[in-house]
Amino acid sequence: MNGGELIVEYLVREKVPYVFGLCGHGNVGLLDALYDRTDAIKTISTRHEQTAGHMADAYFRVAHRPVVTLTSCGPGSCNIPIAVACAFMDSSAFLALTANVPTSQFNRAPFQETYRHFQAEFPAVLRPYVKRSWQPTRVDMLPTALRQAFATMLSGRPGPVNLDVPFNLFKEEAAVDLPEPQAWRSGISSRSGGDSEDIRRALDLLRGASRPLIFVGHGVALSAAGAELTHLARRLGIPVVFSPNGFGTLDMTDALALGFIGRNGTFPANEAARTCDVLLALGVRFDDRSSSSWIPGYSFNIPPTRLIHVDIDPQEIGRNYPVHLGIIGDARTVLRQLLALAEATPGEPARRDAWLEDIGKWKRQWEDFVRLPAAEDDAPIHPQRVVTALRRVMPDDGIIVPDSGVHHNWVVQFWKARRPQTVLNTWGFSAMGFGVAGVLGAKLAAPDRPCVAVCGDGGFMMRPDVLCTAVEYGIPAVWLVWNNFAYGAIRDIQVGLLHKREIATSFTREATGQLYNPDFVALARACGVDGIRVDRAADLEGAFEHAIRAQAPFVLEVRVDRDIKPPAVGTWQLPPLPHAEPVFGARRLPDRA
């Protein structure tokens, strides 16, 4: 086989269903090999490389199986780092296969070579955002690089990897044995457990706590530990708060579910977290948005709260808070260990009546605060109405893919996911375009479930090419374009922290100051996609239902009130700017007496 055929055959053996990418002179050799294996692996040509990367990222988040992106040398591959970084920061895996110039032309500055510091140096561009990069320079190096790439990508904390292939390898031949993936990875498990003594200490702490709390993140979703989390929370009677990528690992309508924690979280989640005495954190990073920028009293008080931090990545334990007990291990395995020990060692947890009564009171206070009046004709539409209307229409297994922007703050505050992997967030790198493009990958991973991107007008205009891809391949995704005529999240910072000194955030005609955006429905129809514009809250549910039932690519433009901000219940800081106080609830520091 030549190198291109070898790569494709290995992808088939790994059961990779898709290659997402864009053609270029550097990768035509691999496209030629893919031509012969359309029976086993489908190539989807996107109109931009970033779109391919976000599709691959979202596909993994839903299916927990990796796919491959294919980009050409030079600018083609330079268009994908945003998507790779987004996946890396959120522990999502795909193989970024980049093409490079022929090895015989290394360091001679051929067309699109990166050569000023080192020959064919594109992998240096991706280095901060991949678990590992390989650049084989002979065909016989490909089998080792391929098997190592897949093992690295999927072991431990998942993440993207890069295979950078010089052009000549796609067409040169070599007599090599192609490894069978399972022969190398059989018996290797990423589901390592915690030390048995640490598990016993953790259970004792949880049983003895009068105000315990569980904080769950993406690690719980990635390890498919929703059933174990639910069992432990109910068995020990412990409430649960969520980071956005942990949504739905416990049904968020459950009495023990308190919602998202952080500045744009819920009041009961923050109030419980800053007053709990023991916190079991599972697969979370304690990032600034879910921790109120680590300022004591807004989301957490660690210490005196005793932190049990469980993560498969030892680098995350103790990164932002001191730990009372750190456990390196897979979330599902550790939860199973705790459950097994709880069953083997009878014992009742401490009485928590007062704790659960307080939580019930905080829930009622929050629900009263955020309850909107019954009027349905407000225009432009109150942002909260958009989220609640979509939640009422979406089935429990439907998938929403929020893009980065102020609309995302409304989604994480008011969405109640009932199942895991139904809210796909760009949380760590927060790349605009993730939701716009990622919804295509989500729909390919879950073709029988409705998939809706919730994206701002700014983000949608960064990747409108997705409409063409959806039409070409018949992918019936829905885009809800949140039209507030602005980069709204940044405009809110200017309004709230910079004395309303707005510049370069609203979309206006310079000559008149009139708000301006394209006609998104007309834009969609120009691409062959149907669409509806919604101006009244009363029309939201009907429009959402129509778009989902259409079973075709569909754009919904929703005119949203740009001056209503999500109600902050924690805080967030951009030093040296001062942080804002919550609009509901208040900072609560521990009693030091």
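One structure accompanies this document, and this report is about it.

What counts, and at which threshold
- Residues numbered from 1 in each chain as written.
- Predicted model: local features only at pLDDT ≥ 70, side-chain atom pairs only at ≥ 80, totals over all residues.
- Heavy atoms only, no water.
- Pairing = 2+ DSSP bridges.
- Helix = DSSP H or I, 4+ residues; strand = E, 2+ residues; numbered from the N terminus.
- Axes fitted to C-alpha atoms, helices over the stretch in contact; angles between N-to-C directions.
- Contact = heavy atoms within 4.5 Å.
- Core = buried A, V, L, I, M, F, W, Y, C linked by side-chain atoms within 4.5 Å.
- Buried < 20%, exposed > 50% of the residue type's maximum accessible area, 1.4 Å probe, protein only.
- Left-handed = near helix turned anticlockwise from the far one by under 90°.
- Nonpolar A, V, L, I, M, F, W, Y, C, P; charged D, E, K, R; others polar.
- Expected span 1.5 Å × (residues − 1).

## Focus on the sheet that holds strand β15 (residues 478-483)
Here's step 1: Taken in spatial order, the 5 strands line up as β13-β14-β15-β17-β16 in an open sheet, and their pairing is parallel. Strand pairing shows two members of the sheet lacking a second neighbour, β13 (399-402) and β16 (530-534), which therefore form its edges. Each adjacent strand pair in this sheet contributes to an overall mean axis angle of 20°, direction not counted.
Here's step 2: The pairing of strand β14 (residues 451-456) with β15 spans 5 bridges and is classified as parallel. Across the sheet, residue V454 finds its bridge partner in β15, namely L480.
Here's step 3: Relative to the sheet, helix α17 (residues 406-414) contacts β13, β14 and β15, its axis offset from that of β14 by approximately 130°.

## Some details on the nonpolar core
Here's step 1: Ranked by internal contacts, the top residues of the largest apolar core, which has 95 residues, are I214, F286 and F544.
Here's step 2: Top contributing element to this core by residue count: helix α14 (residues 331-344), with 7 residues.
Here's step 3: Beyond its immediate chain neighbours, meaning those up to four positions away, F286 contacts F215, L279, A281, S291, W294, F300, I302, L307, H309, N320 and Y321.

## Focus on the packing of helix α12 (residues 226-236) against α14
Here's step 1: Where α12 meets α14, the axes come as close as 9 Å, and the angle between the chain directions of the two elements is 35°. Here α12 runs over α14; the crossing is left-handed. Contact residues: α12 offers E228, L229, H231, L232 and R235, while α14 offers R332, L335, R336, L338, L339, A342 and E343.
Here's step 2: Of the residues assigned to the contact of α12 with α14, the class counts are 6 nonpolar, 1 polar and 5 charged.

## What about helix α18 (residues 434-445)?
Here's step 1: Between its terminal C-alpha atoms α18 stretches 16 Å, which fits the 16 Å expected from 12 residues at 1.5 Å a residue.
Here's step 2: The buried count for α18 comes to 11 of 12 residues, which makes it a mostly enclosed element.
Here's step 3: Along α18, the positions that sit buried rather than exposed are F434, G435, V436, A437, G438, V439, L440, G441, A442, K443 and L444.

## What about the sheet that holds strand β8 (residues 240-242)?
Here's step 1: Spatial ordering of the open sheet is given by β9-β8-β7-β10-β11-β12, a layout of 6 strands whose pairing is parallel. Edge positions in the open sheet fall to β9 (257-260) and β12 (325-328), since each of these has one partner strand only. In this sheet, neighbouring strand axes are inclined to one another by 15° on average, regardless of whether the strands run parallel or antiparallel.
Here's step 2: Bridging between strand β7 (residues 212-216) and β8 involves 3 bridges; their strand directions are parallel. By the bridge assignment for β8, V216 is matched with F242.
Here's step 3: Docked against the sheet, helix α13 (residues 267-275) engages β7, β8 and β9, running at close to 105° with respect to β9.

These figures capture arrangement, not role.
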